[in-house]
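Given next are the chains, with one letter for each unit.
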Amino acid sequence: MDETVAEYIRRTVLKIPRDEIKMMLQKWGFLSESQLQTLNFHQIKDNISQEVVQLCEENSADIKQAAALDIIYNHIYQNKRMWSVYQMKKSGEELECFDIKDFKKRFKGRLRSALKNVTITFKEYEDNAIWIRVAWGTPYKKPNQYKPSYVVYHSQTPYVFISASVLKSNLPLLCQALIVASNYHDIREMELRSHSLNSLKDIVFKRYSQNFQTYNSKPLQGGNVEPENADIRIVHENRSEKERIHRLNQEVFGDGPQPKLEFAQYKLETMFKSHPKMDVLDKKEPFRCLVKFSSPHLLESLKSLAPAGMADTPISPLLTCIPHKARNYFKIREKKGTFPESFVSP
Amino acid sequence: FNLIPAILFSPPPRQENVDPQKTAFLLRKAWTLYSVTPLYGFRRGRLRDYARLLSAFIAAEKQKGLAVEVGVELDIKVALSSLAELRGSELDQAALLVQLSSRSRASSRSSEDKPVWLGWFCSVFGEDLSENVPEAFTCLPLFLTHGAESYTSLVGRWFQKTFDCCFRRLAISPMNLSWMVAMWAGCKLDRAASAVELVFSMPRLSQPLDISYAIHPEDAKALWDTVQKTPGEITQEEVDVFMDCLYAHFHRHFKIHLSAAKLVKVSTAVASAHCDGIVKILHSQYLPGVLMLLTELAISQIQ
């Protein structure tokens, strides 16, 4: 077995938390059940990984199998990576039947015709997701297995999720190979990024509960307001105000759980408007700002701002549009014309 | 703060006897801030003795097993020095520098010393404190450290028991942070500056939320220049107007009341400051001004 393959397998196993190693090796299926029985999973990880490497040696593992183990690890720990979303466009209207064999063949062909040294691995999952791992080399160097790119493609959709490695120069080639393989004619990066791959899918596949803008004629009864506010000092006016805020919040954010995003970024190029009483800045040029919101669960925290009294109700559409505009990077300019208070996001 | 002489933040207050080389080590390091009560019985002439005593103290603590971070292989060498350039006026004490370096027992050459911890006491325009204190006391109310917390603790404990003084972490309130960002945003800088950034934390939410609000330095300065009306000084009212403008601009877009959030960090090309009492000074020109602010904060925490 190649030394570099052995080292790569050893390091991959070391990444796995000790109590998950057995499960992952089983999923991998490269070592037999009887071989797995010989492993002592109660020793330190260093020793476990050495033993795994020895077993792989017995089975003559090559880079293909090592890459397969890496895909399994990254599929389970997908949230450790940052994912960007790309959308592909079809020129024609024909509905072609998706053939996975053709896809793989065309993808590999396109990449290999441009770059000789590249490791390409595919794995299909039950939810129609095709995972692709690409390790990149140069005409003179073998592929760097430690900085691969990952692509997740759901063949029934025009969306591709890419976790590029640091080698961003390979991105155009990767994109090209994708459209050639899937029979699209163009691909563009969306302004949507997150660690939570599932949340990105929720957003572009519209799998979250949305606000359908229907008039909710039945006012929410007091029962929907958080029960712990059974403070007798909250008199009727306050209670109905609380309910109003709660209802509007629900309308704007929807009832169900929000997709999990970690940040949203706004580049503001709008004018500074001073209070007429304040004799301050009155420039003709934009007041340039960059605003970034971060949270372990951004949309949930934004949803709780108005009920907590920190934001007006309804909160700004710049924030609530994130899921249905499927973006978390925005550039905001002043809208010219009759509505100076509204903004345009290109 | 009381009225801060704006002169310290207008261009360029060249302090003639400050050799930028001597103070270069202060820049671009994250300093943890403490307030220190006056030192009793401190003698400027005994720095070598103090260094020896502190060194012995550290070695003894290591033996007791109390200094966790210090490796068994390393000897800690202590150096104490004065930095006369670091003070506001003749009424201030010269700054006192404490340097800990490690020397591996394997190599005995002194050129192998590796600096592991740095701390310095200073007073910049701290007359408010020193003029009310008896002769036997030395006032150096601001203490800045860079390096492992375990060393800070060792050094602090030795100073405490030797000079009967008291150290306290210096917290920086949101109000003080807004003073800092307003003043520093208004500083004139000869080269391209970094953004003026304010970082807020929203309390009491189901999920924590941080907001970073970064303004182009030219635009922030333009705003401050129209707000600051009294020549030669900066007032609380001006700082409030500046902040209100920023809050209003933010609210116009997002409908969020930043005034209800907690300002935790401010960052400009001059310096950055965190509410936990951590400061980074980036520009030598404004070093005296920043230190003066911090000295005043330290004094008000002591009093």
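Above: the structure in question.
Rules behind the numbers
Residues numbered from 1 in each chain as written. Chains lettered and ligands numbered in written order. Predicted model: local features only at pLDDT ≥ 70, side-chain atom pairs only at ≥ 80, totals over all residues. Heavy atoms only, no water. Helix = DSSP H or I, 4+ residues; strand = E, 2+ residues; numbered from the N terminus. Contact = heavy atoms within 4.5 Å. Buried area = accessible area lost by both parts, 1.4 Å probe. Salt bridge = Lys/Arg side-chain N within 4 Å of Asp/Glu carboxyl O. Expected span 1.5 Å × (residues − 1). Buried < 20%, exposed > 50% of the residue type's maximum accessible area, 1.4 Å probe, protein only. Arc of directions from axis to C-beta.

## As for unusual backbone geometry
Looking along the chain, the bond that leaves A:T313 and enters A:P314 is cis, with omega of 0°. Relative to the helices and strands, A:P314 is located in the loop between α10 (298–303) and α11 (317–320). With a phi angle near 60°, B:R28 is a residue other than glycine that sits in the positive phi range. Topologically, B:R28 is positioned in the loop between α1 (20–23) and β2 (30–36).

## Quick look at the interface of chain B and chain A
Between chain B and chain A, the residue contacts involve 36 residues of the former and 43 residues of the latter. Between chain B and chain A, the buried area comes to about 3,300 Å², and carbon and sulfur atoms account for 63% of it. Among the residues of chain B in contact with chain A, B:R252, B:H253 and B:F254 are the three that bury the most area, contributing 22% of the side total. Along the contact surface separating chain B from chain A lie 3 salt bridges. The residue A:E334 makes a salt bridge to B:R252 at a minimum N-O spacing of 3.5 Å.

## Points about helix α4 (residues 45–58) of chain A
Two residues of an α-helix separated by three or four positions point the same way, owing to the 3.6 residues in each turn. Residues and elements named next belong to chain A. Its 14 residues give α4 an end-to-end C-alpha distance of 20 Å, which sits within 8% of 20 Å, the value for a rise of 1.5 Å per residue. By the burial criterion, the buried members of α4 are I48, S49, V52, V53, L55 and C56. Burial along α4 is one-sided: seen end-on, the buried residues are contained in an arc of 160°. Of the exposed residues in α4, those oriented more than 90 degrees away from the buried face are Q54 and E58. Among the structural elements, α1 (3–15), α2 (21–28) and α3 (33–37) are those in contact with the buried residues of α4.

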